[in-house]
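So you can see what is in the structure, the chains are spelled out below.
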Amino acid sequence: MPRPARSDRNAPKGRPRPKVDHRTRQPAREYELDVLAGLEDVAATELSGVPLARDVRGLRFWFPGSPDRLTRMRSVVAVYRIQSWDVPRPRGLLGNQQLSELTGYLREVIEVGGHRSFRFGAAGKDSPVMQRLAEELQGTLDLPHDPEAGELLIRLRPSEDGQGWDVLARITPRPLSARPWRVCNMAGGLNATIAYAAHKLAGQRDNDRIFNPMSGSGTLLIERDLMGPSAALVGVDVNPEAVRCAQENIRAAKRQIEVAQRDALHTGLPARSFDLIMADLPWGDAISSHGANETLYPAFLTEMHRLTSQRGRLCVITHEIRLFERVLQNQQKWHAHELFQVASGGHHPKAYLLGKR
Ligand SMILES: C[S@@+](CC[C@H](N)C(=O)[O-])C[C@H]1O[C@@H](n2cnc3c(N)ncnc32)[C@H](O)[C@@H]1O
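- The protein goes by 23S rRNA G2445 N2-methylase RlmL in an unreviewed UniProt entry, where it is assigned to Deinococcus soli.

## What about the pairing of strand β14 (residues 350–356)?
Successive residues of a regular strand alternate their side chains across the two faces of the sheet.
Here is step 1: Bridging between strand β12 (residues 308–318) and β14 involves six bridges; their strand directions are antiparallel. When the sheet's bridge partners are listed, L314 is paired in β14 with L354.
Here is step 2: Examined bridge by bridge, strand β13 (residues 334–341) and β14 share seven bridges and lie antiparallel to one another. By the bridge assignment for β14, E338 is matched with Y352.

## A look at the packing of helix α2 (residues 96–113) against helix α3 (residues 128–141)
Here is step 1: Interhelical geometry of α2 versus α3 gives an angle of 60 degrees and a closest axis separation of 10 Å. In terms of orientation, α2 lies oblique with respect to α3. Crossing geometry of α2 relative to α3 is assigned as right-handed. Judged by residue contacts, L99, T103, L106, R107 and I110 of α2 engage E136, L137, T140 and L141 from α3.
Here is step 2: A per-class count over the contact of α2 with α3 returns five nonpolar, two polar and two charged.

## What about the sheet that holds strand β10 (residues 258–261)?
Here is step 1: Taken in spatial order, the seven strands make up an open sheet running β10-β9-β8-β11-β12-β14-β13, and their pairing is mixed. With partners counted over all chains shown, the strands left at the sheet margins are β10 and β13, one partner each. Here the average twist between neighbouring strands, direction ignored, is 20 degrees.
Here is step 2: With five bridges joining them, strand β8 (residues 209–213) and strand β9 (residues 232–237) adopt parallel strand pairing. Paired with P213 across the strands is V236, a residue of β9.
Here is step 3: Where helix α5 (residues 219–227) meets the sheet, its contacts fall on β8, β9, β10 and β11 (274–280), and the angle it forms with β9 comes to roughly 170 degrees.
Here is step 4: Where helix α8 (residues 321–329) meets the sheet, its contacts fall on β12, β13 and β14, and the angle it forms with β12 comes to roughly 155 degrees.

Thresholds applied
- Residues numbered from 1 in each chain as written.
- Predicted model: local features only at pLDDT ≥ 70, side-chain atom pairs only at ≥ 80, totals over all residues.
- Pairing = 2+ DSSP bridges.
- Helix = DSSP H or I, 4+ residues; strand = E, 2+ residues; numbered from the N terminus.
- Axes fitted to C-alpha atoms, helices over the stretch in contact; angles between N-to-C directions.
- Parallel < 35°, antiparallel > 145°, perpendicular 65-115°, else oblique.
- Left-handed = near helix turned anticlockwise from the far one by under 90°.
- Contact = placed C-beta atoms within 7 Å.
- Nonpolar A, V, L, I, M, F, W, Y, C, P; charged D, E, K, R; others polar.

What follows is the structure in structure tokens.
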């Protein structure tokens, strides 16, 4: 005879009841992360730290409860809700039942995200079918269609199994990579998800004294400070406009980080002042020229060697890949390995991690 299950009331005293996270009982929704090409592994690692994310397939997964936790991800450009419809073509979404399901699905996204307009990001968004869909949704969602700047970005694509169409809806009105702290933009400003990835892969240690020469608008500084404590965090830039811009962003981020106007090659700082140097070097386009970089890059490696502690690390991000790799080959002081190459704004910069020989 099967033994009757013992109720909790009869559980031995003193033993704590196992806690059940109430979110596990909430219905899960499917999501997909939009990530800069090259940062997929960093995003996957970050996703593995999101409690209750399950059935993870690459950057696609199920997650119960409020998606607020997902909006705190720092390595991703955006998070999309995703739902599939068993229709052969997007035209099928105009059917009564499909349109009502689609409206319900998008309403859920809007309720959480507070989007005030919508647009389509799909290829063929100007086709008559998509225009009809936009007209219909404008009515059913009671939300204006703004084809250029709509906050709810909706993408359509054939399902992976070839059996229908996926509708993806960005859960936040702005991409997550557009950080709220960025009140000052600068030509050459680094995508914040790249800054996050570089810090993660260069190693995040609380006792690091960190230097960010050539700090520009302050992306690497602010992202690091938001990640957690460090023993010191200091930036310099030769351009006073850049220093002002970084200070504005730091204020907006409510952080306290020291940024000064200095030539990174002549700071006057004592040798071995830092354990980690994070540098987004001039790429030779928006900032500086290839000719100037021919001189700057080798001089930079020499001076950073002086400023780094014996077991310190130097992380370099640059789009001047050929020049940087040639300069690396022609020196003996550093060993280096590539961390990642990423596609960003038409560029394909690489990040390297260097250690002292
Ligand atoms: C690619 S940008 C850095 C962008 C920055 N990561 C951001 O997110 O805004 C390179 C920066 O190097 C600065 N720079 C160039 N030569 C320098 C030098 N010798 N010392 C200090 N800063 C320098 C430029 O003024 C520019 O702000």
